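Read off the chains here:
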Amino acid sequence: ALTLSGAGQGASIITPAASNITNDPITGSAIIRIQSSDVHVTGFTLDGDNTAITSGIVRGGADIDATSGIVTAYDVSENYDNLEIDHVTVENIYLRGIEARMTGTMNIHDNTVQNVQGDVNLSVAIFNRDGGGTISSNTVSGTPDAINANHSRGTQFLNNTITDAQSGIHTDNSRDSGGTSTDLIEGNTISRGNEMGGPPSRGIWAFVPYQNGTCQDNTISGFDIGIGAYSQGGAAGA
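So, a few notes on the structure that sits alongside this text. (Residues numbered from 1 in each chain as written. Predicted model: local features only at pLDDT ≥ 70, side-chain atom pairs only at ≥ 80, totals over all residues. Heavy atoms only, no water.)

### Side note on the pattern of salt bridges
- Under the criterion given, the structure shown has three salt bridges.
- One salt bridge in this structure joins R96 and E99, with 2.8 Å as the shortest N-O distance. Accessibility classification places R96 together with E99 in one group, the buried group.
- Across the pair D224 and R192 runs a salt bridge whose closest N-O atoms are separated by 3.3 Å. Of this pair, D224 sits in the loop between β21 (219–221) and β22 (225–230) while R192 sits in the loop between β18 (189–191) and β19 (202–207), and the two are 32 residues apart along the sequence.
- Among the residues examined, D224 registers a relative accessible area of 49% and is labelled partly exposed. (Salt bridge = Lys/Arg side-chain N within 4 Å of Asp/Glu carboxyl O. Buried < 20%, exposed > 50% of the residue type's maximum accessible area, 1.4 Å probe, protein only. Helix = DSSP H or I, 4+ residues; strand = E, 2+ residues; numbered from the N terminus.)

### As for the side chain of S174
- Position of S174 relative to the elements: it lies in the loop between β16 (161–172) and β17 (184–186).
- Among the polar contacts listed, one links the side chain of S174 to the side chain of D183, at a separation of 3.0 Å. (Polar contact = N/O pair within 3.5 Å; in protein donor to acceptor, adjacent residues only side chain to side chain.)

### Some details on the nonpolar core
- V41 and I147 are the most contacted members of the largest nonpolar core, which has 38 residues in total.
- No other element matches strand β8 (residues 83–93), which puts five residues into this core.
- Sequence-distant contacts of I147, defined by excluding residues within four places in its chain, comprise I126, I135, V140, F157, N160, I162, G168, I169 and H170. (Core = buried A, V, L, I, M, F, W, Y, C linked by side-chain atoms within 4.5 Å. Contact = heavy atoms within 4.5 Å.)

Encoded structure:
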């Protein structure tokens, strides 16, 4: 178990020492890579643009040097649990701002994630894969895919503020691999902002859920599709 605690956003700043940009969070660089359960990260700014080096990959006015900001390590089991990330700023990242790839629970709250737009089809600001838990009160901007869960075991997306995104919040294949709770998308404020290309923009959407979820009390503006539901898995609806 580990608590990694900085002096606060803007006070404790970590930048990458070298450029290593790929379209794969396994092989690409990460400013913080987590390989354990019971980890808490708080009170930092992670800036993927080290102004002392040059990658030549410019997005959002920054020369990007990091593939990911915070990402759990990929292994055979991905059997991590009890991850908390809060009061962290992650900015100027190519592929993943914060990614929790785990079969346990996570709590990602009160963070600022901005300018994660290296690849219009792959970049995600906050991403939960295979786990469950809470993603709440985060501020996300300047990304094609703001907050995303794939194979969720039950995720609550609560009171996040998203601007300048092609996709606001979406959940894919929810509960196809287990879990005891359902997805809840509630109290979020989501606006599209600038055109980034790619598929039609969507505010909130669900793709092939295996368990019915709930979407309520959200404010959505500026998207091609405000709320969408696409297909279903098993006996679930949308």
